[in-house]
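# Understanding the architecture of this molecule
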Amino acid sequence: MASTIEGATGTWEYVIGLEVHAQIVSKSKLFSGASTEFGSEPNSQVSTIDAGMPGMLPVINMTCIEQAVKTGLAIEGTVNRYSVFDRKNYFYPDLPQGYQISQFKQPIVSEGRLVIEMEDGSEKVIGIERLHVEQDAGKSLHDQDPGHSYVDLNRSGVGLMEIVSKPDLRSPEEAAAYVRKLRSILRYVGTCDGNMQEGSMRVDANVSMRRPGEAYGTRCEIKNLNSVRFMSRALEYEALRQVDILEAGGTVAQETRLFDVGRGETRSMRSKEEAHDYRYFPDPDLLPLRLEQELINAVAASMPELPDAKRHRFMAEFGLSPYDASVLVAEKENADFYEAVAEGRDKKLAANWMISELFGLLNKAGKEIGESPVSADALGELLDLISDDTISGRTAKEVFAEMFETGKAAGQIVEEKGLRQVTDTGAIEAVIDEVMARETQKVAEYRSGKDKLFGFFVGQVMKASGGKANPKMVNEVLKKKLDG
Amino acid sequence: MNPTDLTIAQARDLLAKGELSSMELVEAHIDAMETSRELNAYITETPEMALAMAQDSDARRARGEGNGLLEGIPVAIKDLFCTKGTLTTAGSHILDGFHPVYESTVTANMWRQGAVMLGKTNLDEFAMGSSNLTSYHGPAINPWKARGDHRARVPGGSSGGSAAAVAGRLALGATGTDTGGSIRQPAAFTGTVGIKPTYGRCSRWGIVAFASSLDQAGPMTRSVRDAAIMLRAMAGHDGKDSTSADVAVPDFEADLDKGVKGMTIGIPKEYRSEAMAGEIEALWQQGSAWLEEQGARMVEISLPHTKYALPAYYIVAPAEASSNLSRYDGVKYGLRVEADDLLSMYEKTRAAGFSKEVKRRILIGTYVLSAGYYDAYYLKAQKVRTRIAEDFRDAFGHVDAILTPATPSAAFPADEPPSDPVAMYLNDIFTVPVNLAGLPGMSVPAGLSGEGLPLGLQIIGKAFDEATVLRVGRAIEHAAGFDTRPEGF
């Protein structure tokens, strides 16, 4: 779903490419044995290697490499059996070595792709240029003391995957869908926890504006976007800024910009002229990385079902709508929960209950599926009570609310509250007779052609039965009696 | 006999027989260090540690333990090796006050083999130099003097302090590192033996890096046998260094005396030039004759890309150095010159902390890696490097070792160094190709110059064939009958 901007002089189209930095799930850092745990005391997880001590040498953590291979396969990329670690040289206090070990000319993965789905159900393939592995820098803290800056090296040396898309994205919505989809895939394969708040996933966005179909314009890079919402806002702001410049006859300066969340603006960080010359060269402390085909095969064999495959299976085998399938597969935990609920039950019923009831209450409570007070088994039991007509769908909603609140089982709530629905035809007929006897005027109006009153009778009957009458049976018997 | 005059092998045997204690050996060395401070061989002396280590060694021996290769042997450590808790300077102002919290793999290996540390030896700053004149701690002085000339001579560099300590009887052996000749050139200048093993033979972990793809540690001793003993103690695969080779370390001493009979030894014609000093040429021919007399077949070989080695080296080594030395920024350890903002702090710290020679190499290295110059310089130099390695590979298809001079001249006076940096760099002309190819090379003292200063011959071997290099070196040592003692020491 491309979105365009209507300027004073005509239509402008977005051209967006994203660089996503995803922290690799691994117990230890990319080149040292130090822990990667988040939220520890500053500088408590720093080896002499991460601190750039003299004479210290990096050794590749193969767990991180296997994670990168897994991710490469998940984005349908080519895993390169020969790749090279380079040094990217620049000075900064939170970069203790004076260089970042990254991959420049020969990344571990090239040429991948990812399919995004838009809300209107359309799909689009987004090209991925490359995935390379690199080490993270530490963190500079400027707000601890008026006269000094502090450096926390806990993050220094943590393994990252930089995943670079092609400039295939045409709107902030597409960019958002791309990041969400990538995050979903990373979480499926377990190579990044996707936690943007903790910084384990960060986005740099390259954006330029052009007349539809024309050549690319000059781009700006917006650094370090740490939420999908901020990214969208930053892209929208930046697009308008560039269009204003272009429409005034100016030229956009190629530069790196930062998004000021408070002001909702991007502002210049450094111009092209001030850009670093990183003086990349192969790190002589590390041999080129050679991967055995067996390792790649083993990783491929350990690959879980990915969201796209799962989505198609849910549609094909379970008859779910594209939208429902997308919603359910976005998070692996949700999909697993759904499959447990749906096992041996009505697939669509299960999907509806997950999406409208369970997700609704979870959202309201601000909880993840993992924290749900209602387990998959418990929800399944509730659905069984609906399917065997023990309770109506409507009653089920009440029961579910209580399950969510108290953690009690559906059956127990039904028994305690006497919610078992009435399916005895005689009992239902008696209630209907009573209602019809009371509402003779309305019966006459109905019989004289006011069909719409049927709903009124259903309501009255349900009310009189205390909500327990089986609605389907009420409908049938009522119809027969009124029409009779 | 003064215990400081023993070789490692002799001391080892006396210690084993109980005719000498490590304590006696160490005390004699501590005395010698005190009386020879004018050599400025050590930056840091560690006598208390040496005595404690000697005491431990003697105690181990008394318990019937202590069968390490260097049990009780006092050695000096080039101040480029990080030693836990002991000041480590790399000869630079910028590492002021730096006490590592870790021990380099090579020194740890040696301590495990029972060696005793006497102190940390002087060196050219960050191992960049061939004279020891670039040390922040003042130059080390060569114990040798020219006949009738009392001017101080340089001990060579960068491992000049180690060479001076070994030649001056201030240690039985010393560690060196060699990036372009930093073990072999000072060994040649001081009449000592120095071997740079195959790249990957000794772990680089914990050695302050100069040029990572070229740096290699090795021993400096007063005999080839001692070099064999010490190298075995230093070497070995280390999982902490990705470039360390997983190759077994043989007993280099085992075949030392088997001679060169039946060996084919190459004389590379490209190492001969019009400019070569007559006495160097004569020494080389003498060496060749000695080997021939002992049954080796001497053949002329060609290493056609030799002339490109020095220029290639002076691109690759500074490039790596410019990056390796980025970590000395005043932020984490060592020198910091305070300033109003970050950039000024960096600039002032690095301006004050590095000497002219180090700055020159950082500038060269930064330049050759810059956008737009990388392909023309760095990439080209790497291609040259490949050619040079191929030259050697081809030659080793039909020779067992190669014989060349170690240096183009004898030690020069400290107050009259080569006039410009390039002239100084020419000191490494015979040694640099060996580093570029990653091969083992050794300098063995073979005679005296006309002025009475030591001269060395270089033996180059196949990768991981240090055993042959040592054997050939032993044959030259035997034939030369060189007296390693400088006058007055």
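Note: the structure precedes this text.
Just so you know, these numbers come straight off a predicted model, no measurement behind them.

Let us look at the pairing of strand E14 (residues 255-260) of chain A. Residue and element names in this part refer to chain A. Bridging between strand E13 (residues 220-225) and E14 involves four bridges; their strand directions are parallel. The residue of E14 that forms the bridge with Ile222 is Arg257. In this fold, E13 hands off to helix H3 (residues 228-247), which returns the chain to E14; that crossover is left-handed. In this sheet, strand E15 (residues 265-271) lies alongside E14 in antiparallel orientation, the contact comprising six bridges. Residue Glu255 lies in a different strand from E15, and its bridge partner there is Ser271.

The next thing to look at is helix H4 (residues 105-112) of chain B. Residues lying three or four places apart along an α-helix face the same way, a consequence of the helix completing one turn every 3.6 residues. Residues and elements named next belong to chain B. Most of H4 sits out of view: six of its eight residues are buried. If you check which residues of H4 are buried, you get Thr105, Val106, Thr107, Asn109, Met110 and Trp111. Contact partners of the buried residues in H4: helix H3 (47-62), strand E2 (74-78), strand E3 (116-121), strand E4 (173-178), strand E6 (216-221) and helix H7 (224-234).

Now for the environment of B:Arg184. Residues and elements named next belong to chain B. Secondary-structure assignment places Arg184 in helix H6 (residues 184-190). You can call Arg184 buried: its relative accessible area is 0%. The contact partners of Arg184, leaving out residues within four places of it in the chain, are Asp178, Gly194, Lys196, Thr431, Val434, Asn435, Gly441, Met442, Ser443 and Gln458. For Arg184, the side chain forms a polar contact with the side chain of Asp178, separated by 2.8 Å. Within the structure, Arg184 has its side chain in polar contact with the backbone oxygen of Thr431 (distance 3.2 Å).

A few words on the environment of A:Asp143. Residues and elements named next belong to chain A. With respect to the secondary-structure elements, Asp143 resides in the loop between strand E9 (139-141) and strand E10 (150-152). As a C-alpha pair, Asp143 and Gln441 span 298 residues in sequence and 77 Å in three-dimensional space. A distance of 3.0 Å separates the side chain of Asp143 from the side chain of Gln144, its partner in a polar contact.

Residue and element names in this part refer to chain A. Along the chain, the position of Met209 falls in strand E12 (residues 201-210). Residues Met209 and Gln135, 74 residues apart in the sequence, show an inter-C-alpha distance of 32 Å. Once residues lying within four places of it in the same chain are set aside, the contact partners of Met209 are Ile5, Trp12, Glu13, Tyr14, Gly217, Ala239, Gln242, Val243 and Leu246.

Sheets are built from strands paired through backbone hydrogen bonds, the pairs being either parallel or antiparallel. Residue and element names in this part refer to chain B. Spatial ordering of the open sheet is given by E1-E3-E2-E4-E6-E5-E10-E11-E9-E7-E8, a layout of 11 strands whose pairing is mixed. Sheet topology places strand E1 (42-45) and strand E8 (297-301) at the edges, where each strand pairs with a single neighbour. Geometrically, the sheet is characterised by an average inter-axis angle of 30° between neighbouring strands, direction not taken into account. Running at roughly 175° to E2, H4 makes contact with E2, E3, E4 and E6 of the sheet.

Contact with chain A, which involves 29 residues of that partner, is made by 40 residues of chain B. For the pair chain A and chain B, the summed buried area comes to about 2,700 Å², and 58% of that belongs to carbon and sulfur atoms. Three residues stand out in chain A for area buried against chain B, namely A:Pro54, A:Phe91 and A:Arg279, and they jointly supply 22% of the buried area on that side. Inspection of the chain A/chain B interface yields one salt bridge. A salt bridge links A:Asp285 to B:Arg204, with the shortest nitrogen-to-oxygen separation between them at 3.1 Å. There are 15 residue pairs in polar contact (both at pLDDT 80 or more) connecting chain A and chain B. Secondary structure elements with two or more residues in the side of chain A that touches chain B: strand E5 (86-89) and strand E16 (281-282) of chain A. Its residues assigned to classes, the side of chain A that touches chain B shows 18 nonpolar, six polar and five charged.

All names here are of chain A. Closest axis-to-axis distance for the helix H5 (residues 307-318)/helix H7 (residues 332-342) pair is 12 Å, and the angle between their directions is 20°. Relative to H7, H5 is oriented roughly parallel. The way H5 lies across H7 gives a crossing that is left-handed. For the pair H5 and H7, contact is made by Lys310, Arg313, Phe314 and Phe318 and by Ala335, Asp336, Tyr338 and Glu339, respectively. Taken together, the residues that form the contact of H5 with H7 break down as four nonpolar, no polar and four charged.

With that out of the way, let us pick up the pairing of E6(B). Residue and element names in this part refer to chain B. Burial within E6 is extensive, with six of its six residues counted as buried. Note that E4 and E6 share six bridges and pair antiparallel. Following the sheet pairing, Asp178 is matched in E6 by Gln216. In terms of strand pairing, strand E5 (residues 193-196) meets E6 through two bridges, oriented antiparallel. Across the sheet, the residue bridging to Gly194 is Met220, located in E6.

Right, let's talk about the pattern of salt bridges for a bit. Residues and elements named next belong to chain B. By the definition in use, this model includes 67 salt bridges over all chains. For Arg272, the salt bridge identified is with Glu281, shortest N-O distance 3.3 Å. Owing to a relative accessible area of 34%, Arg272 belongs among the partly exposed residues under this scheme. The exposure class of Glu281 is buried, given its relative accessible area of 19%. Through salt bridges with shared partners, a single network forms among Arg12, Asp13, Arg225, Glu253, Asp257, Arg474 and Glu477.

Quick look at the packing of aromatic side chains now. Residues and elements named next belong to chain B. Per the stated rule, a full pass over the model turns up 30 aromatic pairs over all chains. Here Phe98 and Tyr333 contribute two aromatic rings whose centre-to-centre distance is 5.2 Å and whose plane-to-plane angle is 40°, an arrangement assigned as tilted. Taken together, the residues span a long stretch of sequence, with Phe98 in the loop between E2 and H4 and Tyr333 in the loop between helix H9 (309-324) and helix H10 (342-353) at a distance of 235 residues. A single burial state applies to Phe98 and to Tyr333, both of which are buried.

Once that is clear, we can look at a nonpolar patch on the surface. Residue and element names in this part refer to chain B. On the surface, a nonpolar cluster with roughly 280 Å² of combined accessible area is contributed by Tyr367, Tyr373 and Tyr377. Along the polypeptide, Tyr373 turns up in the loop between helix H11 (356-369) and helix H12 (375-395). Residue classification places Tyr373 among the partly exposed residues on the basis of a relative accessible area of 36%.

On to a negative patch on the surface, then. Side chains of A:Glu119, A:Asp120, A:Glu173 and A:Glu236 sit close together on the surface and give a patch of like negative charge. Along the chain, A:Glu236 falls in helix H3.

Cut-off values and rules
Residues numbered from 1 in each chain as written. Chains lettered and ligands numbered in written order. Predicted model: local features only at pLDDT ≥ 70, side-chain atom pairs only at ≥ 80, totals over all residues. Heavy atoms only, no water. Pairing = 2+ DSSP bridges. Helix = DSSP H or I, 4+ residues; strand = E, 2+ residues; numbered from the N terminus. Right-handed = clockwise from strand over helix to strand, strands pointing away. Buried < 20%, exposed > 50% of the residue type's maximum accessible area, 1.4 Å probe, protein only. Contact = heavy atoms within 4.5 Å. Polar contact = N/O pair within 3.5 Å; in protein donor to acceptor, adjacent residues only side chain to side chain. Axes fitted to C-alpha atoms, helices over the stretch in contact; angles between N-to-C directions. Buried area = accessible area lost by both parts, 1.4 Å probe. Salt bridge = Lys/Arg side-chain N within 4 Å of Asp/Glu carboxyl O. Nonpolar A, V, L, I, M, F, W, Y, C, P; charged D, E, K, R; others polar. Parallel < 35°, antiparallel > 145°, perpendicular 65-115°, else oblique. Left-handed = near helix turned anticlockwise from the far one by under 90°. Phe/Tyr/Trp six-rings, centres within 6.5 Å; stacked < 30°, edge-to-face > 60°. Patch = residues over 30% accessible without salt bridge, like charges linked within 9 Å, V, L, I, M, F, W, Y side chains within 5 Å. Areas by Shrake-Rupley, 256 points an atom, 1.4 Å probe, with all protein chains shown as cover. Lys, Arg positive; Asp, Glu negative; His and termini not counted. Charge placed at Lys NZ, Arg CZ, Asp CG, Glu CD.

These values are about where atoms sit, not about what they do.
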